[in-house]
Amino acid sequence: MHDAKLYVRGGFTRYRGNPYFSVMAGAGLFGRHREVELIERFLTTERGGALLLEGAGGIGKTSLWEHGLALAQQRGMLIVSARCAEQERHLSYAGMADLLAGIELSSIAALPVPQLAAIESALLIRPSPRGVNPQAVAAGLLSVLRDLGASRSLLVAVDDVGWLDEPTAAALAFAARRLQSARLLFTARGDDGSPVVRALARTALERVTVGPLDSAEVRQLLHARLGLSLSRRTMQRICATCAGNPLYALELGKALAGSSASPLGTELPLTRNLEEELSGRVAQLEPAARQLLLAVALGPSTAASAMPGIEALAAALESGVVIVEGDRIRPTHPLLGTAAVAHASPTERREVHRRLAAAANDDEQRAHHLALATQLPDGATAATVAAGAAQAMRRGAAASAAELGKQAVRLTPISAPERVERQLTAAEYMSAAGELEQGRGLLPREIQALPDLRQRVRAYLLAADLGLAGPPLSPDRPDKAWSDRALRESQVDTDLYAGVLARCAGDEAVEEIRNLSELEGSLVAVESAASRLEPSTQLLFISSLAWIRSLRGASLGELAARAESLEAETHGLPLHHGVERLVALRQMWRGETDAPRAALGELLRLADLRGEGESYLAIRLHLCELELRAGNLDAAETLLDEWAQESSEGPPNAPSAYARCRALLAAQRGRGHDVERWLAGFAGDGFSGAVTDRWQWLEAQRARGLALLLTGSAVAAAARLRSVWDYTLREGVTDPGIFPVAGDLVEALVGSGAHADAEAVTRAVSEAALERDHPWAAATAKRCAALIDLGTPDAGRELIGSADAFQALGLGFERARTVLTLAVSYREQRQHQRSAQAFEQAAALFDALGSPGWARHAREQPTRGPRRAGEQGASLTPTEEKIARLVATGSRNREVAAELFISEKTVEAHLSHIYAKLELRSRTELAARLHALIDPADPS
């Protein structure tokens, strides 16, 4: 009777013919933490009870029900179940057949004769000429269930209990009231009046409403089940349309995956399943009600007074397809509106849009409806729509502006002089909305041939923003080639050049992190020309200058005040260009966490609200960086998972930014093997490969250095981390918190014997802490000083102060690393009890952060004795062992330095430590001791 039945044989449970059994098939649940917790608690209570999962069709009740069955199976429970179907409600005892389908025959054969006869007759095994006795069937079912539950925990589970046929429902209701120890798990579509639910309502029935999924859970569902990676804008439209219903979300996702149409500005497509389910209901509506539903779907923000008359409203309300909220009308479910649009002809849709445009009291709404009501190019309509797009952009609605801008281009006659300007403007809106592919499609062909200089330069900059393939003979980075061309050709116009430089200088400073002094000088030289530009370009100029001065450690006070004044005159820049973003980043670089988290969170919310796709990507990256610095590794991974599940549209550096964040996460979790996997596209020692800007490369070296420190490869770690420190120092990046390598670098330098270099880094960080009142630098300077004098009592005091400072800042990973160093310091001082306690504290801190590799490293440390000069059995570090091998085989200090990529001074320092540890005085003695010194089993 049912395609999917649960069979029980000796405690083994299996499903047959059900490809959507999500838990046992490994597909998993998305969200539902509250519901899963309730089900787990229900199944582990000592006494029996009943749990009802209620909710709309497709909301996920069955997946939770299946999850409950899987958990019951894992606990060794005996399961009796039935899946009900609406079309089988008229088949008497269809549900009974499912419930008893997997029961051992002996359990039924042992029934009293009247009960056995009644059940056999009900199931048409041995039909009785006198018909079926319902009371005997109910009593027989009760007897069977009691017998099954006598020796093992019993779960009786019915999916869609409201669709049970009436005879089975009556029998189960009779049995359910009398089952004391069994557990009953049901699902139902709201209060459907099921006799079983009514029978249990007076007892211990627990009702759980299964609500909609949130947007993150819908995104995870579509990515996991369909492999869809959609833009944030498209995902928002799916979530709004499906109203959190996972079944509807999957159907919309399937339709979108099979559609070649872009979702921006068009209705979402429907699958055949959804169309059949919904269009029938729409087709059955009276014409007036159907027209009103269509108007509500096409004009959701239009007041009720603009809709068709009261008779149409009454008919639609009576049909249950719309609801009135204040002065607005909306469909009772968004998909009903989508179905109404799909059901209407293009002519009907255009006519409704025309009426809505006439009734609109807002220029932007009017422009939207006029555009969709107009089929052929029309100059006057195009002008109205273009004005509406500009209004949308002024109020910060980038997605709406992009949609209207595209429509304005469509409606502008090809020969119209305004067409090129509207194409460029629409492409700018698309860039702000993160719709790069559509933006590229809007750019004029052969932009190098545009006769107007300003339009041509503007097109070059847009081509760079949108990732357009580079001009002939361009380098690997087409965006840089377009920007360079814009700079070169704009030099003949002072004001134009100032605007182009404002944009390009900021990009070069942030992406290349070089020529900072020269770039600042270039901007200052054109500052008077920039002051004559429109306010938005002036804001861009200030933003670029602010970035350069921030990297150089200068104050932003005067620039921030100018930016605030200009923003009062204009709608401002996209959020990722704004000074507010930079202020939050400067707080993060100083080691603060609470203030930048709140500021970046608000900026992220605004970017989402406005539909600024590129801003959303940039600000989410910063939030991820902040959580990584704070050691909130799960929060950082959640942000990265969201990033991975969205479409790849984004700026050129997006893939490398994602990869290096993943690498940093792996390094902090202590999974060194994953670091290089994520950084496979980054060149090993140089700045090349798949990396598109220097910032990402420097952060990649930081991840590599941290991973190498975990393995004890101090020399290699020092090389990676020093490349970051030396580069930023050389280029004038004076805030040590921008690329926070100082603490790890000093640890690596000390471990490799480069004490003088470690002292130099420590002095620089200490000076930055004092000069800039820099909290992160102050805490790091204490740790660095302690690392240099690790075996002294002063080191312990400095490390405790450093750990406390990191804790106060909310930098959990830095605190855990410092406590780990404190444990090593105690060990070096032979304070074994305090050392063991500190190692365990560090391990517990790493555990709490979700860093198993570092926790394991901390727990392994107490088994390693201190390495002290002259101590019998003292061991060498991996670097010292390598140097000892080379020196013992006759290599000179210069040759050893070249072999290991370190300085001769570092080799000399290492040799001093080696001789002291082993109580040797010469290379000859070292060669004689080589075999006793190196453990052949150690691969290092």
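## A word on the overall build of the protein chain
At step 1: The helix and strand inventory of the protein chain stands at 48 helices and 9 strands.
At step 2: Within the protein chain, the fraction of its 940 residues that count as buried is 53%.
At step 3: Sequence separation of at least 24 residues holds for 67% of the intrachain contacts in the protein chain that already meet a minimum separation of 6.

## Let's talk about the sheet that holds strand β7 (residues 205-209)
At step 1: Strand order across the open sheet formed by 5 strands is β4-β5-β6-β3-β7, with parallel pairing between neighbours. Looking at strand neighbours, the two that pair on one side only are β4 (78-83) and β7, the edges of this open sheet. Across the sheet, the mean angle from the axis of one strand to that of its neighbour is 15°, orientation sign disregarded.
At step 2: Here strand β3 (residues 49-54) pairs with strand β6 (residues 183-188) via 6 bridges, running parallel. Its bridge partner being in β6, Gly49 is matched across the sheet by Arg183.
At step 3: Helix α1 (residues 33-44) contacts β3, β5 (154-159), β6 and β7 of the sheet and is inclined by roughly 165° relative to β7.
At step 4: Helix α6 (residues 134-149) contacts β4 and β5 of the sheet and is inclined by roughly 130° relative to β5.

## Comments concerning helix α24 (residues 494-512)
At step 1: The end-to-end C-alpha separation of α24 is 25 Å, in line with the 27 Å expected for 19 residues at 1.5 Å each.
At step 2: Capping the start of α24 is the job of one residue whose side-chain oxygen sits 3.2 Å from the backbone nitrogen of Asp495: Asp493.
At step 3: With its phi angle positive at about 50°, Ile513 sits one or two positions after the end of α24.

## Some remarks on the pairing of β3
At step 1: Of all the 6 residues making up β3, 6 are buried; the element is thus mostly covered by neighbouring parts of the structure.
At step 2: Of the two faces of β3, the one carrying Gly49, Leu51 and Leu53 and the one carrying Ala50, Leu52 and Glu54 are both buried.
At step 3: Where β3 meets β7, 5 bridges bridge the pair, whose relative direction is parallel. What sits directly across from Leu53, in β7, is Val208.

## With respect to the side chain of Arg669
At step 1: Counting through the fold element by element, Arg669 comes out in helix α33 (residues 654-669).
At step 2: Polar side-chain contacts of Arg669 include one of 2.5 Å to the backbone oxygen of Gly850.
At step 3: Discounting chain neighbours no more than four positions away, the residues touching Arg669 are Leu633, Asp634, Glu637, Leu849, Gly850, Ser851, Pro852, Gly853 and Trp854.

## Considering helix α30 (residues 594-610)
At step 1: Compared with an ideal rise of 1.5 Å per residue, which puts 17 residues at 24 Å, α30 spans 24 Å between its outermost C-alpha atoms and is within 8% of the ideal.
At step 2: Listed in full, the buried residues belonging to α30 are Pro596, Leu600, Leu603, Leu604 and Ala607. With its buried residues spanning 105° around the axis, α30 presents them on a single face. Of the exposed residues in α30, those oriented more than 90 degrees away from the buried face are Asp594, Ala598 and Leu609.
At step 3: Among the structural elements, α29 (579-589) and α31 (613-630) are those in contact with the buried residues of α30.
At step 4: Remark: Gly611 follows α30 within two positions and exhibits a positive phi of approximately 75°.

## Some words on the side chain of Ser544
At step 1: Looking at where Ser544 falls in the secondary structure, it is placed in helix α27 (residues 535-551).
At step 2: Judged by its relative accessible area of 4%, Ser544 is buried.
At step 3: The contacts of Ser544, once residues within four sequence positions are left out, are Ala502, Arg503, Gly506 and Leu523.

## Description of a positive patch on the surface
At step 1: Where like charges cluster on the molecular surface, the positive patch consists of Arg146, Arg177, Arg178, Arg198 and Arg202.
At step 2: In this fold, Arg146 is placed in helix α6.
At step 3: Under the relative-accessibility criterion, Arg146 is labelled partly exposed at 46%.

## What about the confidence of the model for the protein chain?
At step 1: Within the protein chain, residue pLDDT values average 82, and 88% of them lie at 70 or more.
At step 2: In the model, residues 1-27 has pLDDT below 50 throughout and makes 70 contacts with residues more than four positions away in sequence or in other chains.
At step 3: Ignoring residues within four places in sequence, the model shows residues 865-874, a span with pLDDT below 50, making 22 contacts including any to other chains.

## Overview of the environment of Gly890
At step 1: Here Gly890 is to be found in the loop between α44 (878-888) and α45 (893-900).
At step 2: As a C-alpha pair, Gly890 and Arg923 span 33 residues in sequence and 8.4 Å in three-dimensional space.

## Points about the packing of helix α37 (residues 742-751) against helix α39 (residues 775-788)
At step 1: Taken N-terminus to C-terminus, the directions of α37 and α39 make an angle of 10°; their axes are 9 Å apart at the nearest point. Judged on the interaxial angle alone, α39 and α37 are roughly parallel. Contact with α37, carried on its side by Ala742, Gly743, Asp744, Val746, Glu747 and Val750, involves Trp776, Thr780, Arg783, Cys784, Leu787 and Ile788 of α39 and no other residues of that element.
At step 2: Looking at the contact of α37 with α39 residue by residue, the classes come out as 7 nonpolar, 2 polar and 3 charged.

## Let's talk about the packing of aromatic side chains
At step 1: One pass over the structure, following the stated rule, counts 10 aromatic pairs.
At step 2: The interplanar angle of 65° and the centroid separation of 6.2 Å between the aromatic rings of Trp547 and Trp589 together place this pair among those described as edge-to-face. Residue Trp547 is found in helix α27, and its partner Trp589 is found in helix α29; the two are separated by 42 residues along the sequence. Residues Trp547 and Trp589 agree in their burial class; the two are buried.
At step 3: Both rings, one in Tyr658 and one in Trp678, keep their centres 5.8 Å apart while their planes meet at 85°; by these two values the pair is edge-to-face. In this pair, Tyr658 sits in helix α33 while Trp678 sits in helix α34 (residues 672-678), placing the two residues 20 residues apart along the sequence.
At step 4: Accessibility expressed as a relative area gives 27% for Trp678, which makes it partly exposed.
At step 5: Among the aromatic side chains, those forming a connected cluster through ring pairs are Trp547, Trp589, Trp695 and Phe739.
At step 6: The ring of Phe174 has Arg178 sitting right over it, with the charged end atom 3.9 Å from the ring centre.
At step 7: In this structure, Arg485 is placed above the aromatic ring of Tyr460, and the distance from its NZ or CZ to the ring centre is 5.8 Å.

## Some thoughts on the packing of α27 against helix α28 (residues 557-567)
At step 1: At a minimum axis distance of 10 Å, the contact between α27 and α28 shows a crossing angle of 160°. As the angle between them shows, α27 and α28 are arranged roughly antiparallel. In terms of crossing hand, the pair formed by α27 and α28 is left-handed. Of the residues in α28, those in contact with Pro535, Gln538, Leu539, Ile542, Leu545, Ala546 and Arg549 of α27 are Glu558, Leu559, Arg562, Ala563, Leu566 and Glu567.
At step 2: A breakdown of the residues in the contact of α27 with α28 according to their chemical character gives 8 nonpolar, 1 polar and 4 charged.

## Considering the state of the cysteines
At step 1: All told, the structure shown has 0 disulfides when counted by the stated rule.
At step 2: You can see Cys624 has no disulfide; the closest cysteine sulfur is in Cys661, sitting 4.3 Å from it.
At step 3: In this structure Cys624 comes out as buried when scored by relative accessible area, which is 1%.

## Comments concerning the pattern of salt bridges
At step 1: Within this structure, the stated rule accounts for 49 salt bridges.
At step 2: A salt bridge links Arg34 to Glu35; its shortest N-O distance comes to 3.7 Å.
At step 3: For Arg590, the salt bridge goes to Glu592, with nearest N and O atoms at 3.3 Å.
At step 4: A single salt-bridge network, built from bridges that share partners, covers Asp634, Glu637, Asp641, Arg662 and Arg669.

## A short note on unusual backbone geometry
At step 1: If you check the backbone angles, Asn515 has positive phi at about 55° while not being a glycine.
At step 2: Note that Asn515 resides in the loop between α24 and α25 (516-525).
At step 3: Residue Arg830 is not a glycine yet carries a positive backbone phi of 65°.
At step 4: Secondary-structure assignment places Arg830 in the loop between α41 (812-828) and α42 (832-849).

## Section: the environment of Leu141
At step 1: Locating Leu141 in the fold gives a position in helix α6.
At step 2: Residue Leu141 is classed as buried on the basis of its relative accessible area of 1%.
At step 3: Considering only alpha carbons, one finds Leu141 and Ile119, 22 residues apart in sequence, at a separation of 8.1 Å.
At step 4: Filtering out sequence-adjacent residues up to four positions away, Leu141 remains in contact with Met96, Leu100, Ile119, Ala171, Leu172 and Ala175.

Parameters at a glance
Residues numbered from 1 in each chain as written. Predicted model: local features only at pLDDT ≥ 70, side-chain atom pairs only at ≥ 80, totals over all residues. Heavy atoms only, no water. Helix = DSSP H or I, 4+ residues; strand = E, 2+ residues; numbered from the N terminus. Buried < 20%, exposed > 50% of the residue type's maximum accessible area, 1.4 Å probe, protein only. Contact = heavy atoms within 4.5 Å. Pairing = 2+ DSSP bridges. Axes fitted to C-alpha atoms, helices over the stretch in contact; angles between N-to-C directions. Expected span 1.5 Å × (residues − 1). Polar contact = N/O pair within 3.5 Å; in protein donor to acceptor, adjacent residues only side chain to side chain. Arc of directions from axis to C-beta. Patch = residues over 30% accessible without salt bridge, like charges linked within 9 Å, V, L, I, M, F, W, Y side chains within 5 Å. Areas by Shrake-Rupley, 256 points an atom, 1.4 Å probe, with all protein chains shown as cover. Salt bridge = Lys/Arg side-chain N within 4 Å of Asp/Glu carboxyl O. Lys, Arg positive; Asp, Glu negative; His and termini not counted. Charge placed at Lys NZ, Arg CZ, Asp CG, Glu CD. pLDDT = per-residue confidence, 0-100. Parallel < 35°, antiparallel > 145°, perpendicular 65-115°, else oblique. Nonpolar A, V, L, I, M, F, W, Y, C, P; charged D, E, K, R; others polar. Phe/Tyr/Trp six-rings, centres within 6.5 Å; stacked < 30°, edge-to-face > 60°. Lys NZ or Arg CZ within 6 Å of the ring centre and 35° of its normal. Left-handed = near helix turned anticlockwise from the far one by under 90°. Disulfide = S-S within 2.5 Å.

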